[in-house]
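In case you want the letters, here they are:
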Amino acid sequence: MTTDSDCLFCKIIKGEIPSDQVYSDEQVIVFKDINPKAPVHLLIVPREHIKSLNELEEKHDVLMAYIMRLLPKIAKEQGLNNGFRTVINTGPGGGQEVFHLHVHLLGGERLSGAGFVM
Ligand code: AMP
Ligand code: ZN
């Protein structure tokens, strides 16, 4: 599996940097965002080092579908029974700061419909 020794999230995956982990399996890890923008703010991170949506290839289709189906399960586990928001920032123009693909999962309060919290 591709990893990048200079990547913050690869270091978290390898346990070199601590994180507040809430879920982990062979494909992904899920941990709390260090700077939460909502009462629940988690990052769903594939173990494979993929920089962003721009670098996705056909071989990642199963992984990405897996992540999409995992999101509502994690949300439910966190008590987000009334809904949640997902955000994927892509590239500098999209506000991406950590260049290892991740999905933000936010909730725990009523998020405004058209607003962007990230
Ligand atoms: P993005 O702007 O989409 O790349 O999001 C990166 C996110 O990673 C931000 O919301 C940061 O608060 C979060 N973050 C940065 N460092 C850490 C860390 N060590 N542990 C958990 N979250 C982090
Ligand atoms: Zn990485």
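All right, on to the overall build of the protein then. Helix and strand content of the protein: 2 helices and 5 strands. The order of helices and strands in the protein, counted from the N terminus, is α-β-β-β-α-β-β. Over its C-alpha trace the protein gives a radius of gyration of 14 Å, about what one expects of a compact globule, namely 13 Å for 118 residues. Summarising its shape, the C-alpha atoms of the protein cover approximately 35 × 30 × 25 Å along the three principal directions. Across the 118 residues of the protein, 40% fall into the buried class. Within the structure as shown, the protein displays about 7,100 Å² of accessible surface, and the carbon and sulfur contribution to it stands at 49%. Separation of charge centres in the protein, based on 12 positive and 15 negative side chains, amounts to 6 Å.

Right, let's talk about the coordination of the zinc ion (ligand 2) for a bit. Note on the zinc ion (ligand 2): its protein donors are Cys7 (SG), Cys10 (SG), His49 (ND1) and His100 (ND1). The metal-donor distances range over 2.0 to 2.3 Å. Seen from the zinc ion (ligand 2), its 4 donor atoms lie at angles of 106 to 116°, and the figure they make is tetrahedral. Each donor residue of the zinc ion (ligand 2) lies on one chain, and together they are spaced C-x2-C-x38-H-x50-H. With Cys10 in helix α1 (residues 8–14) and His49 in the loop between β3 (40–46) and α2 (61–77), this residue pair connects regions lying 39 residues apart in the sequence. With respect to class, Cys10 is no different from His49; both count as buried.

A word on the site of ligand 1. Around ligand 1 there are 16 residues in total, and Asp33, Glu97, Val98, His102 and His104 lie nearest to it. Here an oxygen atom of ligand 1 and a backbone polar atom of Glu97 are 2.7 Å apart. Surface burial for ligand 1 is 88%, taken as the share of its 510 Å² of free accessible area covered by protein chains. Taking a 2 Å distance to the grid points as the criterion, the majority of the atoms of ligand 1 fall inside the largest pocket. Going through the elements one at a time, α1 and β2 (28–32) are the ones with two or more residues in the shell around ligand 1. The biggest single contributor to the shell around ligand 1 is α1, with 3 residues. The class makeup of the residues in the shell around ligand 1 is 7 nonpolar, 6 polar and 3 charged.

Bringing the nonpolar core into the picture now. Within the largest apolar cluster, 17 residues are counted, with the highest numbers of intra-cluster contacts made by Leu42, Ile44, Ile67, Ile74 and Leu105. If one sorts the elements of this core by residue count, α2 sits on top with 7 residues. Judged by nonpolar contacts, the second largest core, of 10 residues, contains Cys7, Ile29, Phe31 and Leu43.

How each quantity is defined
Residues numbered from 1 in each chain as written. Chains lettered and ligands numbered in written order. Predicted model: local features only at pLDDT ≥ 70, side-chain atom pairs only at ≥ 80, totals over all residues. Heavy atoms only, no water. Helix = DSSP H or I, 4+ residues; strand = E, 2+ residues; numbered from the N terminus. Rg over C-alpha atoms; globule rule 2.2 N^0.38 Å. Buried < 20%, exposed > 50% of the residue type's maximum accessible area, 1.4 Å probe, protein only. Areas by Shrake-Rupley, 256 points an atom, 1.4 Å probe, with all protein chains shown as cover. Lys, Arg positive; Asp, Glu negative; His and termini not counted. Charge placed at Lys NZ, Arg CZ, Asp CG, Glu CD. Donors = N, O, S within 2.8 Å, 3.2 Å for Na, K, Ca; no water. Tetrahedral: all angles 85-135°; square planar, octahedral: opposite > 155°, others 65-115°. Near = heavy atom within 4 Å. Polar contact = N/O pair within 3.5 Å; in protein donor to acceptor, adjacent residues only side chain to side chain. 1 Å grid on protein atoms, 1.4 Å probe; cavity = no way out; pocket = protein on both sides within 12 Å on 5 of 7 lines; lining within 4 Å. Sits in = over half its atoms within 2 Å of the grid points. Nonpolar A, V, L, I, M, F, W, Y, C, P; charged D, E, K, R; others polar. Core = buried A, V, L, I, M, F, W, Y, C linked by side-chain atoms within 4.5 Å.

All we've got here are geometric facts, nothing functional implied.
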